[in-house]
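Now for the letters of each chain:
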Amino acid sequence: MAIAGLFYGGVSYDTIIRNGLWFDGTGAPSAIRNLGIRAGRVVAVSEDDLDATGCPQVIDATGKWVMPGMLDIHTHYDVEVLNGPALAESLRHGVTTVMLGSCSLSTVHVDASDAGDIFGRVEAIPRDHVIAAVEEHKTWSNCEQYIQALESRPLGPNIAAFIGHSDMRAATMGLDRATRKDQRPTEAEQAQMECWLSEALEAGFVGMSSQQLLFDKLDGDVCRSRTLPSTYAKPRELRRLKALLRRAGRVLQSGPDIENPLNLGSQLAQSLGLIRNPLKTSLLSAADVKSNPYSIHALGPAARLVNRLGGNFRWQHLPVPFEVYADGIDLVVFEEFGAGAAALHLRDEVERNELMRDAAYRRRFRKEYESKLGIRVWQRDFFDAEIVACPDTSIVGKSFGLVGQERGGVHPVDAFLDLVLEHGTALRWRTTISNHRPEVLKKLAADSGIQMGFSDAGAHLRNMAFYNMGLRLLRHVYSAERAGKPFMTVEHAVHRLTGELADWYRLDAGHLRIGDRADIVIVDPAHLDDSLDRYAEERVDHYGGLSRMVNRNDDTVSGVFVGGRAVFLDGKPTHLVGKRRTGRFLRAAHKAPALVEQEGELASVG
């Protein structure tokens, strides 16, 4: 049976996608269907052929999956969206909606210098380029103006956003006072933060992000190596901000202080309503960490218990192995212990090298490396760290531990520091920190207390590339299904990456039904293969030509549409990308009108 709309301006459809296996994003059974798109929306989903008379674009999707564009709920594109608003690295992998403002960081209220300090070291984005981008583009002083500024740019994907607690706190108190233990916001400053949060929620931000994790450190000179402003907030400050989120039904994204079990417990318990509204809480993160292989077994049950008691809690989860790369010692995991943080505190290469030669420093590094006390993210095992590039090609493919053994039984720490001193950032190495056990990943992927997120797109540009994490989850599910050992249906996996996220964050996205905006990805399941694991390098002009890690699996994604307009076809960006706006700011709990082009200008159609 055909379900179709009326002709529009003499043309029935702007685009027809034929004979694809259609997923609507709800988890309902998939089916072979023909889709008709007009004025940015899906207007036909039909078993029968659609009349292509006058249709300028007809795509044959035979043998392919036609599904809603995926959501990426944890990015740090806040800076890149200013200078490179196409965000093509996400688009090319079928991500059509990205969320800004994670981990307490946003650029709504802070000035350029403070933005450089809070983004530069924490997210490994070049500080000078953060400052330059904010100085050049910042025309806003509130959330509505920020939205207008974003929508004045040629956005590629749709944008949704948290307001960052560290952003508000630094702008209110000044970065120096906001990062001192003996300072509290005055009543007027507290009121200002509450006013800004209320404005953000009214403007359609999905909520507020905060952060209590203590190894995220500031850049710059004045406050260098202090933790993020939100980590200095006391319970009263947080309670008053959370009360606004509760009343509005919006989300708190947070990262707990993993060294403090009481903080982790309180983050779980805060979601409970009891005599008040539940607080929708998205917490970082559910990961099968090598350093503590047993902790993951408690996370899912804890979330499910809280939700059974009336809470509304989710862990964020990266559904792929958490593999990181490093150039020399430049890697955020070293921030979690004193000796590593001491080296990263020093920006001057001569000073840093002098420190790494110091015998007392090396003793301290070895002691902390070998210590089994405390909770950690990195497993601290240099035998589990492979050298992938080095001017001395004889050590490529070896671990630092093995190099130490070959050099006469040198301690792995000394072998590592010696090589950093010898080769600096030309020494490139990798390790997998978590999510290394496929069977555990299967259980996490199906857990109702866990959300698919945490790609960190736009950050850690030389260290990680998870832009295609959604495709890698689909491969995991599809491969298990073909092997006769399914752990989740493909329909459920698509739902988890699309409609489930959109519905929880109250965004008009993630579905592909009649009347929905046509945010679409066409996936070729024949190419859900090993190409998804490969990394490449891509020059980033707006970061001074920095080469960043990217994913390249262009055969896997045949087409990507945002608002009914093709942005990628056969792995190549269309003429619109970076030139015309296809995405828009998605306001929480609002129906988003589609964007259509009329005589060269974009207009909204409800």
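Remember, it's a predicted structure, so these values are computed and weren't measured experimentally. (Residues numbered from 1 in each chain as written. Predicted model: local features only at pLDDT ≥ 70, side-chain atom pairs only at ≥ 80, totals over all residues. Heavy atoms only, no water.)

Trainee: Quick question: what am I supposed to make of the overall build of the chain here?
Mentor: Summing up its helical and strand segments, the chain has 20 helices and 24 strands in all. Taking 2.2 N^0.38 as the reference for a compact globule, 606 residues should give roughly 25 Å; the C-alpha atoms of the chain span a radius of gyration of 24 Å, in line with that estimate. Reported as C-alpha extents along the three principal axes, the dimensions of the chain are approximately 80 × 60 × 50 Å. Burial status across the chain gives 61% buried among its 606 residues. Roughly 22,600 Å² of accessible area belongs to the chain as shown, and the carbon and sulfur atoms make up 52% of that amount. When the 71 basic and 78 acidic side-chain charges of the chain are each reduced to a single mean position, those positions are 5 Å apart. (Helix = DSSP H or I, 4+ residues; strand = E, 2+ residues; numbered from the N terminus. Rg over C-alpha atoms; globule rule 2.2 N^0.38 Å. Buried < 20%, exposed > 50% of the residue type's maximum accessible area, 1.4 Å probe, protein only. Areas by Shrake-Rupley, 256 points an atom, 1.4 Å probe, with all protein chains shown as cover. Lys, Arg positive; Asp, Glu negative; His and termini not counted. Charge placed at Lys NZ, Arg CZ, Asp CG, Glu CD.)

Trainee: It is not clear to me how the UniProt feature "domain: Amidohydrolase" (unreviewed entry) in the chain should be interpreted in this structure. Could you clarify?
Mentor: UniProt marks residues 57-248 with the feature "domain: Amidohydrolase" (unreviewed entry), using the numbering shown here. Counting secondary structure, residues 57-248 comes out at 42% helix and 14% strand; the distance between its end C-alpha atoms is 42 Å. (UniProt positions renumbered as here; feature names shortened; annotations may be inferred.)

Trainee: Looking at this model, I keep getting lost on the sheet that holds strand E13 (residues 322-327). Mind explaining?
Mentor: Working definition: the strands of a sheet are paired by backbone hydrogen bonds and lie parallel or antiparallel to each other. The 3 strands lie next to each other as E13-E15-E14, forming an open sheet whose pairing is antiparallel. If you trace the sheet from one side to the other, it starts and ends with E13 and strand E14 (386-389), each paired once. When the angles between neighbouring strand axes are averaged without regard to direction, this sheet yields 35°. (Pairing = 2+ DSSP bridges. Axes fitted to C-alpha atoms, helices over the stretch in contact; angles between N-to-C directions.)

Trainee: When you look at the sheet that holds strand E9 (residues 207-209) in this model, what are you seeing that I'm missing?
Mentor: Overall, parallel pairing links the 8 strands, which are arranged E6-E7-E8-E9-E10-E11-E12-E16 in an open sheet. Every interior strand has two partners, whereas the edge strands, strand E6 (70-72) and strand E16 (450-452), have only one. Ignoring which end each strand starts from, the neighbouring axes of this sheet average 30° apart. Looking at chain direction, E9 and strand E10 (residues 251-254) are connected through 3 bridges and run parallel. Each residue of the ladder has a partner; that of Ser209, found in E10, is Gln253.

Trainee: Got a minute to help me understand the pairing of strand E18 (residues 535-540) in this structure?
Mentor: Along any regular strand the residues' side chains alternate between the sheet's two faces. Pairing geometry for E18 and strand E19 (residues 546-551), over 6 bridges, is antiparallel. By the bridge assignment, Arg539 is partnered in E19 with Ser547. Between the antiparallel neighbours E18 and E19 lie 5 residues, among them Gly544 with a positive phi of about 70°.

Trainee: Hey, could you run me through the domain arrangement of the chain in this one?
Mentor: It is common to give the size of an interface as the accessible area lost on bringing the parts into contact. Domain boundaries in the chain define domain 1 (67-320 + 434-504) and domain 2 (326-429). Computed from C-alpha coordinates alone, the two centres of domain 1 and domain 2 are separated by 29 Å. In this assembly, 16 residues from domain 1 lie in contact with 19 residues from domain 2. Of the roughly 1,600 Å² buried between domain 1 and domain 2, counting both surfaces, carbon and sulfur atoms make up 46%. Ranking the residues of domain 1 by area buried against domain 2 places Phe215, Arg224 and Arg462 at the top, with a combined share of 33%. Remark: the boundary between domain 1 and domain 2 carries 5 salt bridges. A salt bridge links Lys217 to Glu335; the shortest N-O distance between them is 3.9 Å. (Domains from an automatic or database assignment. Contact = heavy atoms within 4.5 Å. Buried area = accessible area lost by both parts, 1.4 Å probe. Salt bridge = Lys/Arg side-chain N within 4 Å of Asp/Glu carboxyl O.)

Trainee: Got a minute to help me understand the pairing of strand E17 (residues 520-523) in this structure?
Mentor: Residues Ile520 and Ile522 of E17 are buried on one face, and the alternating residues Val521 and Val523, pointing to the opposite face, are buried as well. Bridging between strand E5 (residues 65-68) and E17 involves 4 bridges; their strand directions are antiparallel. Residue pairing for E17: Val66 is matched across the bridge by Ile522. Inspection of the sheet shows E17 paired to strand E20 (residues 557-562) by 4 bridges, in the antiparallel sense. In the sheet register, Ile522 faces E20, and the bridge partner there is Gly559.

Trainee: Hey, could you run me through a negative patch on the surface in this one?
Mentor: A cluster of acidic side chains, namely Asp348, Glu349, Glu351, Glu354 and Asp358, defines a negative patch on the protein surface. Inspection of the secondary structure assignment puts Asp358 in the loop between helix H13 (349-357) and helix H14 (359-370). (Patch = residues over 30% accessible without salt bridge, like charges linked within 9 Å, V, L, I, M, F, W, Y side chains within 5 Å.)

Trainee: Explanation requested: the environment of Gly409 in the structure shown.
Mentor: Mapped onto the elements, Gly409 comes out in the loop between helix H15 (400-406) and helix H16 (412-423). Distance in space between the C-alpha atoms of Gly409 and Ile16 is 66 Å, their sequence separation being 393 residues.

Trainee: Is there a simple way to explain the side chain of Arg380 in this structure?
Mentor: Relative to the helices and strands, Arg380 is located in the loop between H14 and E14. Looking at Arg380, the relative accessible area reads 10%, which means it is buried. Of the polar contacts made by the side chain of Arg380, one reaches the backbone oxygen of Glu368; its length is 3.0 Å. The residues contacting Arg380, other than those within four sequence positions of it, are Glu336, Phe337, Glu368 and Tyr369. (Polar contact = N/O pair within 3.5 Å; in protein donor to acceptor, adjacent residues only side chain to side chain.)

Trainee: Is there a simple way to explain the nonpolar core in this structure?
Mentor: One recurring pattern in soluble globular proteins: nonpolar side chains tend to sit buried together. Counting residues in each nonpolar core, the largest one holds 100 residues, and the members touching the most others are Ile159, Ile163, Leu197, Phe205 and Trp315. No other element matches the 6 residues that helix H8 (residues 187-203) contributes to this core. With residues up to four places along the chain from it excluded, the contact list for Trp315 reads Leu264, Leu268, Leu283, Leu284, Ser285, Ala286, Leu299, Gly300, Ala303, Gly449, Ile450 and Gln451. Phe322, Ala343, Val413 and Met469 belong to the second largest nonpolar core, which has 40 residues in total. (Core = buried A, V, L, I, M, F, W, Y, C linked by side-chain atoms within 4.5 Å.)

Trainee: Would you take a moment to explain the packing of aromatic side chains for this structure?
Mentor: Aromatic rings considered in pairs are described by the distance between their centres and by the relative angle of their planes. By the definition in use, this model includes 27 aromatic pairs. With a centroid separation of 5.2 Å and 70° between ring planes, the pair formed by Phe334 and Trp378 is classed as edge-to-face. With a gap of 44 residues between them, Phe334 in the loop between E13 and helix H12 (338-345) and Trp378 in the loop between H14 and E14 connect regions that are remote in the sequence. Residues Phe334 and Trp378 agree in their burial class; the two are buried. Ring geometry for Phe382 and Trp429: centres 6.3 Å apart, planes at 65°, overall edge-to-face. (Phe/Tyr/Trp six-rings, centres within 6.5 Å; stacked < 30°, edge-to-face > 60°.)

Trainee: Is there a simple way to explain H16 in this structure?
Mentor: The periodicity of an α-helix, 3.6 residues per turn, causes residues three or four places apart in sequence to face the same way. For H16, spanning 12 residues, the distance from its first C-alpha to its last is 16 Å, which sits close to the expected 16 Å at 1.5 Å a residue. Of all 12 residues in H16, 10 are buried; the element is thus mostly enclosed. Among the residues making up H16, those that are buried are Pro412, Val413, Asp414, Ala415, Phe416, Leu417, Leu419, Val420, Leu421 and His423. Buried positions along H16 lie against H13, H14, E14, H15 and strand E15 (428-434). (Expected span 1.5 Å × (residues − 1).)

Trainee: Please clarify how the pattern of salt bridges should be interpreted in this entry.
Mentor: Opposite charge on two side chains allows them to pair when their charged atoms are near. For the coordinates displayed, the defined rule picks out 43 salt bridges. When the shortest N-O distance is used, the salt bridge between Asp554 and Arg92 registers 3.1 Å. With a gap of 462 residues between them, Asp554 in the loop between E19 and E20 and Arg92 in the loop between helix H2 (88-91) and strand E7 (95-100) connect regions that are remote in the sequence. The exposure class of Asp554 is partly exposed, given its relative accessible area of 25%. In this structure, the salt-bridge partner of Glu194 is Arg240, at a minimum N-O distance of 2.6 Å. Taken as a pair, Glu194 in helix H8 and Arg240 in helix H9 (residues 235-248) lie far apart in primary sequence, 46 residues in all.

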